[in-house]
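Architecture at a glance
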Amino acid sequence: MASHGYESGRLNLPFVGISTFGKREYVPDWDKIDADVAILGAPFDFGCQFRSGARFGPRAVREASTLFSFGHADAYDNEDDATYLGSDVRIVDIGDADIIHTLTHESHANIEYGVKKILDAGALPVTIGGDHSINIPCINAFAEDCAKNGPLHMVQIDAHLDFVDERHGVTEGHGNPMRRAIEKDYVAGMSQLGIRNVSSTAKEGYDDARARGSDILSVRQVRKLGTEAVLDRIPENARYYVTIDIDAFCPSIAPGTGTPSHGGFQYYDVLEILQGLSKRGDVVGIDLVEVAPAYDPSESTQILAAQLLLNFIGLIFHNRKQARSRS
């Protein structure tokens with residue numbers, strides 16, 4: 001039987017110690033990132049059109065992640081009969097990008113810089129927002145990486161299309177990120193999943209998105225098709241950037257968000273798609289946004305976010321290892 005470290009050292013219970021993501025090492029010097037995965041907080045919520053508070057998302061998700069991080073054992077999944085996030089997957093937390101209140105461009109530039117430093121270090125960037133506008137600097141940071149390694153296919157898990165071009169001069173709010181992304185010559189296409197109900201984007205936005213090659217599915221359409229059929233609509237062997245808005249989930253399990261929309265996904269609806277993506281191609285970037293903890297005193301929303309990220313990271317590196325062993 002493998003040694004899990006329970007016999008020696010501190011017990012290291014979830015409520016003990018500093019709340020880095022997953023209780024992993026904190027690396028404040030961004031020139032010394034040496035890891036497979038680096039977590040960046042982007043506590044920016046000036047792009048909100050309704051309820052603010054996602055600036056506290058990174059802190060809340062980090063706190064919630066300690067629930068799954070006793071620090072002594074790998075993560076064994078009895079359904080998959082697989083062990084995830086072993087010692088061969090090094091995750092570090094590099095803290096937060098500096099946010100300058102009232103200054104969107106400067107704050108976004110600081111987020112872009114953080115993601116760029118992670119990419120330069122050869123690590124997978126996982127950015128925790130913040131509102132969905134933080135996806136704009138995240139995608140901006142991929143310009144050089146894509147010039148070397150090829151384009152991105154965006155996979156968006158969200159209640160809203162976020163495809164507004166401009167509204168009253170606003171071009172970088174949380175309703176704009178997918179429009180800003182598709183304008184990049186290194187974004188080859190989009191799969192937008194979970195889009196439903198009364199949306200922040202008018203019909204022209206949907207028409208524009210489809211004309212630019214986006215595949216848009218609602219929650220009900222995803223469920224009717226089934227996971228495998230949805231995955232078949234996503235290009236195979238591509239480089240995926242996955243952006244997850246927590247309002248993609250039903251507010252019955254994730255009420256802590258600024259723009260809740262009923263009829264959303266349940267946990268396994270999304271996890272099974274992410275698991276399929278991790279086998280289908282190469283996930284090269286992730287952000288998870290719009291966790292606003294003040295609206296959920298149960299803390300279920302941030303626990304869901306942390307659990308989803310940890311599972312997704314584990315699946316990515318497990319399936320990369322499986323692919324290497326087959327080749």
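Note that the structure is a prediction, hence the values are computed from the model and not measured.

Regarding the overall build of the protein
Tallying secondary structure elements over the protein gives ten helices and eleven strands in all. For a compact globule of 327 residues, the expected C-alpha radius of gyration is about 20 Å, and the protein comes in at 19 Å, within 12% of that figure. Within the span of the protein, comprising 327 residues, buried residues form 55% of the whole. Considering only contacts in the protein between residues 6 or more positions apart, those separated by 24 or more positions represent 78%. Side chains of the protein carry 31 positive and 46 negative charges; the gap between the two charge centres is 2 Å.

A short note on the packing of aromatic side chains
Evaluated as defined, the whole model comprises four aromatic pairs. When the ring of F44 is compared with that of F46, the centres are 4.5 Å apart and the planes differ by 55°; the resulting orientation is tilted. On the basis of relative accessibility, which here comes to 0%, the residue F44 falls in the buried class. Overall, F46 belongs to the partly exposed group, its relative accessible area being 28%. Seen from the ring of F317, R320 lies directly overhead, with NZ or CZ sitting 4.8 Å from the centre.

Some words on the nonpolar core
Counting 52 residues, the largest nonpolar core has V37, V242, F249, L308 and I313 as the members making the most contacts within it. Ranked by the residues each element gives to this core, the list is headed by helix α10 (residues 300-326), at eleven residues. The residues touching V37, leaving out its near neighbours within four places in the chain, are V89, R90, I91, V92, A123, L124, V126, I313 and F317. In this structure, A141, F142, M178 and V289 belong to the second largest nonpolar core, which totals 39 residues.

Regarding the sheet that holds strand β11 (residues 282-289)
Pairing is parallel across the open sheet formed by nine strands, whose spatial order is β1-β5-β2-β6-β11-β10-β7-β8-β9. One side of each edge strand has no neighbouring strand; the edge strands of this open sheet are β1 (25-26) and β9 (214-217). One ladder, built from three bridges, connects strand β6 (residues 124-129) with β11; its direction is parallel. Residue V126 lies in a different strand from β11, and its bridge partner there is I286. Sheet contacts for helix α2 (residues 104-120): β2 (37-42), β5 (91-96), β6 and β11; angle to β2, the most-contacted strand, approximately 180°.

Points about unusual backbone geometry
Excluding glycine, residues mostly carry a negative phi; peptide bonds, for their part, are mostly trans. Note the cis peptide between G129 and G130, where omega equals 25°. Mapped onto the elements, G130 comes out in the loop between β6 and α3 (135-140). A positive phi is found at H168, a non-glycine position, where the angle reads about 55°. Residue position: H168 is located in the loop between β7 (152-157) and α5 (177-182). When its relative accessible area of 81% is taken as the criterion, H168 is described as exposed.

What to know about the pattern of salt bridges
Applying the stated criterion across every chain yields a total of 22 salt bridges. Between R90 and E25 there is a salt bridge, and its shortest N-O distance comes to 2.3 Å. Here the residue R90 occupies a position in the loop between β4 (82-84) and β5, and E25 occupies one in strand β1, the gap between them amounting to 65 residues. The exposure class of R90 is partly exposed, given its relative accessible area of 33%. Here R62 ties to D93 by a salt bridge, and the two come within 2.7 Å at their closest N and O atoms. Placement of the pair is R62 in helix α1 (residues 57-65) and D93 in strand β5, with a sequence separation of 31 residues. The residues R62 and D93 share a single accessibility class, namely buried. Through salt bridges with shared partners, one network takes in D165, R179, R180, E183, D208 and R212.

Some words on the packing of helix α9 (residues 267-280) against α10
In contact at an axis separation of 9 Å, α9 and α10 are set at 25° when each is read in the N-to-C sense. With respect to their mutual orientation, α9 and α10 come out roughly parallel. Remark: the crossing between α9 and α10 carries right-handed chirality. Of the residues in α10, those in contact with Y267, V270, L271, L274, Q275, S278 and K279 of α9 are L304, Q307, L308, N311, F312, L315, I316 and N319. Along the lines of polarity and charge, the residues of the contact of α9 with α10 split into nine nonpolar, five polar and one charged.

Conventions used here
Residues numbered from 1 in each chain as written. Predicted model: local features only at pLDDT ≥ 70, side-chain atom pairs only at ≥ 80, totals over all residues. Heavy atoms only, no water. Helix = DSSP H or I, 4+ residues; strand = E, 2+ residues; numbered from the N terminus. Rg over C-alpha atoms; globule rule 2.2 N^0.38 Å. Buried < 20%, exposed > 50% of the residue type's maximum accessible area, 1.4 Å probe, protein only. Contact = heavy atoms within 4.5 Å. Lys, Arg positive; Asp, Glu negative; His and termini not counted. Charge placed at Lys NZ, Arg CZ, Asp CG, Glu CD. Phe/Tyr/Trp six-rings, centres within 6.5 Å; stacked < 30°, edge-to-face > 60°. Lys NZ or Arg CZ within 6 Å of the ring centre and 35° of its normal. Core = buried A, V, L, I, M, F, W, Y, C linked by side-chain atoms within 4.5 Å. Pairing = 2+ DSSP bridges. Axes fitted to C-alpha atoms, helices over the stretch in contact; angles between N-to-C directions. Salt bridge = Lys/Arg side-chain N within 4 Å of Asp/Glu carboxyl O. Parallel < 35°, antiparallel > 145°, perpendicular 65-115°, else oblique. Left-handed = near helix turned anticlockwise from the far one by under 90°. Nonpolar A, V, L, I, M, F, W, Y, C, P; charged D, E, K, R; others polar.

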